[in-house]
Amino acid sequence: MEEPELQLRVRRVTDKFTESMYFLANEPSVALYRLQEHVRRSLPELVQHKTDMQGVEEQCQGAIYTVEYACSAVKSMSNSAAYFKNIEGLLRQAISIKDQMSSLQSRSSVVTQAVPELPSFSSS
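Calculation rules
- Throughout, a residue's number is its position along its own chain's written sequence, starting from 1.
- With pLDDT at 70 or above as the cut-off, local features in this predicted model cover only qualifying residues; side-chain atom pairs require 80 or more to be listed or tallied, and sums for whole chains, interfaces and linings still use all residues.
- Values shown for side chains rest on all heavy atoms present in the structure; no hydrogens or waters enter the calculation.
- A run of DSSP states H or I qualifies as a helix once it reaches four residues; a run of E qualifies as a strand once it reaches two. Both are numbered from the N-terminal end.
- Only protein chains enter the accessibility calculation, which uses a 1.4 Å probe. A residue is then buried if its area is under 20% of the maximum for its type, exposed if over 50%, and partly exposed in between.
- The method behind every accessible area is Shrake-Rupley, applied with a 1.4 Å probe, and residues are considered shielded solely by the protein chains displayed.
- For Phe, Tyr and Trp, rings pair up if their centres lie within 6.5 Å, where Trp contributes its six-membered ring, and each pair is then called stacked (planes under 30 degrees apart), edge-to-face (over 60) or tilted (otherwise).
- Any Lys or Arg side-chain nitrogen found within 4 Å of a carboxyl oxygen on Asp or Glu counts as a salt bridge.

A. Layout of the overall build of the protein. What the protein contains, in helices and strands, is 2 helices and 0 strands. Sorting the 124 residues of the protein into buried and exposed places 2% on the buried side. Here the protein has roughly 12,200 Å² of accessible surface; of this, 64% comes from carbon and sulfur atoms.

Okay, structure coming up:
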């Protein structure tokens, strides 16, 4: 009676062992298959996202260049304040000189009108 029972136990153990070996042998391949399946499904979407991001990056680079150019323009304008003050001073000086010349011109016309013409003493 022990021999059939022993064979049954041995058979169960070998079946369990075979099942475990089959599971272990096939599990990595199933995992790799699932991984490959996932990559095939998600890769086109990832490529599209990468392409979109590259476009956005190019737009951002253009905007950054524009902002940096505007900042340098503002800095150069603020550095030119001294030149504008110099120009303002020169304009004030020119206006003052013009006023002086107008004043002198109006005085000289008044003087020439007030002085009568003198007779000429030439020999005739």
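B. Focus on the packing of aromatic side chains. As enumerated under the stated definition, the model contains 1 aromatic pair in all. Measuring from ring centre to ring centre gives 6.5 Å for Y65 and Y69, while their planes differ by 20 degrees; the resulting arrangement is stacked. Placement of the pair is Y65 and Y69 together in helix α1 (residues 2-79), with a separation of 4 residues, close to one helical turn. Of the residues examined, Y65 reaches a relative accessible area of 56% and is grouped as exposed. You can call Y69 exposed: its relative accessible area is 58%.

C. View of the pattern of salt bridges. In total, this model carries 4 salt bridges according to the counting rule given. Of the charged contacts, one joins E37 and R41 as a salt bridge, the two residues approaching to 3.9 Å between their closest N and O atoms. Here E37 pairs with R41, and both are found in helix α1, just 4 residues apart, close to one helical turn. You can call R41 exposed: its relative accessible area is 58%. Residues E88 and R92 are paired through a salt bridge, measuring 2.9 Å at the closest nitrogen-oxygen approach. One end of the pair is E88 and the other is R92, both in helix α2 (residues 81-114) and 4 residues apart, which spans about a single turn.

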